[in-house]
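# Descriptive structure summary
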Amino acid sequence: MNILQINSSARTAGSHSTRLATDIVGRLQGSNGKSALTLRDLGKAPLPALDEAALGALFTPADQRTPAQAARVAQDNALIAELQAADVLVLGVPMYNFGVPAALKNWIDAIARAGVTFKYTDKGPVGLLTGKKVYIALARGGLYRDTPADTQVPYLRSVLSFLGMTDVQFVYAEGLTMGPDAEKKALAGAGQQIEALFNAAVVA
Ligand SMILES: Cc1cc2nc3c(=O)[nH]c(=O)nc-3n(C[C@H](O)[C@H](O)[C@H](O)COP(=O)(O)O)c2cc1C
């Protein structure tokens, strides 16, 4: 089993989403002795934003690219290959200003590529990254679960499903900036959600 863990907190220490994603990976590794982990920390090694240069590189034929354009496409190709090779994707996702971190959006912009990770057909777009399981650890200062203010869950479900990943489980740590008691409760609750996910898997 190949596991790809993507952390997207800007914090390199003390991040709740990173710790919860790491806990999920630990549970996956515990239940599968032969797992391999690829870890990408977008806080420590941020990816560039999609800009005109990136689009220019992508739409220039390979044999006509400048060295800089070739390097840019090669970087995204490597990210795509890493994801294609994964059986399980684990994302650590903080809420920043009501949305997903720009660092995670940059990764999504790098790996969503027509003809490679999805394709257009006469029946509409078809995702090509099928057969993967996805776990997403969410860390939020406030409370959004199951409310219209939760932009993250619908967005992540949409974009992952567009790419072919429909087996998605969310773990919520919410209320993390609502005082020490709320934080403690949120982290205990997230731990219980992880426990329930893996105990259910054992029973099934
Ligand atoms: C720049 C910034 C913006 C934030 N915006 C929100 C927000 O819109 N809603 C929210 O509930 N929490 C917000 N928070 C709180 C974080 O979601 C919370 O601290 C979370 O634990 C951060 O994830 P991490 O622990 O993995 O770093 C924000 C925090 C920062 C640093």
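Below is a short write-up of the structure. Just so it is clear, the structure is predicted and the values come from calculations on it, not from any experiment.

What counts, and where the lines are drawn
Residues numbered from 1 in each chain as written. Predicted model: local features only at pLDDT ≥ 70, side-chain atom pairs only at ≥ 80, totals over all residues. Heavy atoms only, no water. Phe/Tyr/Trp six-rings, centres within 6.5 Å; stacked < 30°, edge-to-face > 60°. Buried < 20%, exposed > 50% of the residue type's maximum accessible area, 1.4 Å probe, protein only. 1 Å grid on protein atoms, 1.4 Å probe; cavity = no way out; pocket = protein on both sides within 12 Å on 5 of 7 lines; lining within 4 Å. Points joined across faces, edges and corners; volume = space filled by probe spheres on them. Helix = DSSP H or I, 4+ residues; strand = E, 2+ residues; numbered from the N terminus. Nonpolar A, V, L, I, M, F, W, Y, C, P; charged D, E, K, R; others polar. Axes fitted to C-alpha atoms, helices over the stretch in contact; angles between N-to-C directions. Parallel < 35°, antiparallel > 145°, perpendicular 65-115°, else oblique. Contact = heavy atoms within 4.5 Å. Near = heavy atom within 4 Å. Polar contact = N/O pair within 3.5 Å; in protein donor to acceptor, adjacent residues only side chain to side chain. Areas by Shrake-Rupley, 256 points an atom, 1.4 Å probe, with all protein chains shown as cover. Sits in = over half its atoms within 2 Å of the grid points. Core = buried A, V, L, I, M, F, W, Y, C linked by side-chain atoms within 4.5 Å. Salt bridge = Lys/Arg side-chain N within 4 Å of Asp/Glu carboxyl O.

### Focus on the packing of aromatic side chains
For the structure shown, the criterion picks out 5 aromatic pairs. Residues F170 and Y172 carry aromatic rings whose centres are separated by 6.3 Å and whose planes lie at 40° to one another, so their mutual orientation is tilted. By the burial criterion, F170 is buried, and Y172 matches it.

### Brief notes about empty space enclosed by the protein
With the rule as written, the count across this model stands at 1 cavity of 30 Å³ or more. In this structure, the largest cavity spans a volume of roughly 30 Å³. For the largest cavity, the full set of lining residues is L91, W107, I108, L156, V159, L160 and L163. At the level of secondary structure, the elements contributing two or more residues to the lining of the largest cavity comprise α4 (102-111) and α5 (152-162). The greatest single-element share of the lining of the largest cavity, amounting to 3 residues, is contributed by α5. Its residues assigned to classes, the lining of the largest cavity comprises 7 nonpolar, no polar and no charged.

### Comments concerning the packing of helix α3 (residues 67-84) against α4
Put simply, α3 and α4 touch, their axes get as near as 8 Å, and they point 90° apart. Classified by the interaxial angle, the pair formed by α3 and α4 is roughly perpendicular. Across the interface between the two elements, D76, L79, I80 and L83 of α3 pack against W107, A110 and I111 of α4. The residue inventory of the contact of α3 with α4, partitioned by class, reads 6 nonpolar, no polar and 1 charged.

### Details of the site of the ligand
Taken together, 17 residues form the shell around the ligand, and within it S9, R11, S15, S17 and G142 come nearest. At a separation of 2.7 Å, an oxygen atom of the ligand approaches a polar side-chain atom of R11. Within the backbone of H16, an N or O atom sits 2.8 Å from an oxygen atom of the ligand. Its free accessible area being 630 Å², the ligand has 74% of it covered by the protein chains. Here the ligand is seated within the second largest pocket. Looking at the shell around the ligand, its residues break down into 7 nonpolar, 8 polar and 2 charged.

### Things to note about the nonpolar core
Grouped together as the largest cluster of nonpolar side chains are 32 residues, with contacts concentrated most on L89, L104, W107, I136 and L156. Looking at this core, the elements with two or more residues in it are β1 (2-7), α3, β3 (88-94), α4, β6 (133-139), α5 and β7 (167-173). For this core, the leading source of residues is α4, giving 6 residues. Filtering out sequence-adjacent residues up to four positions away, I136 remains in contact with L91, V93, L156, L160, V168, Q169, F170 and V171. Core analysis: the second largest hydrophobic core is formed by 19 residues, L20, I24, A186 and I194 among them.

### Points about the pattern of salt bridges
According to the stated counting rule, one finds 9 salt bridges in the structure shown. A salt bridge links D23 to R19; its shortest N-O distance comes to 2.8 Å. Here D23 pairs with R19, and both are found in helix α1 (residues 16-31), just 4 residues apart, close to one helical turn. Residue classification places D23 among the partly exposed positions, given a relative accessible area of 33%. In this structure, D150 engages R140 in a salt bridge whose closest nitrogen and oxygen atoms are separated by 2.8 Å.

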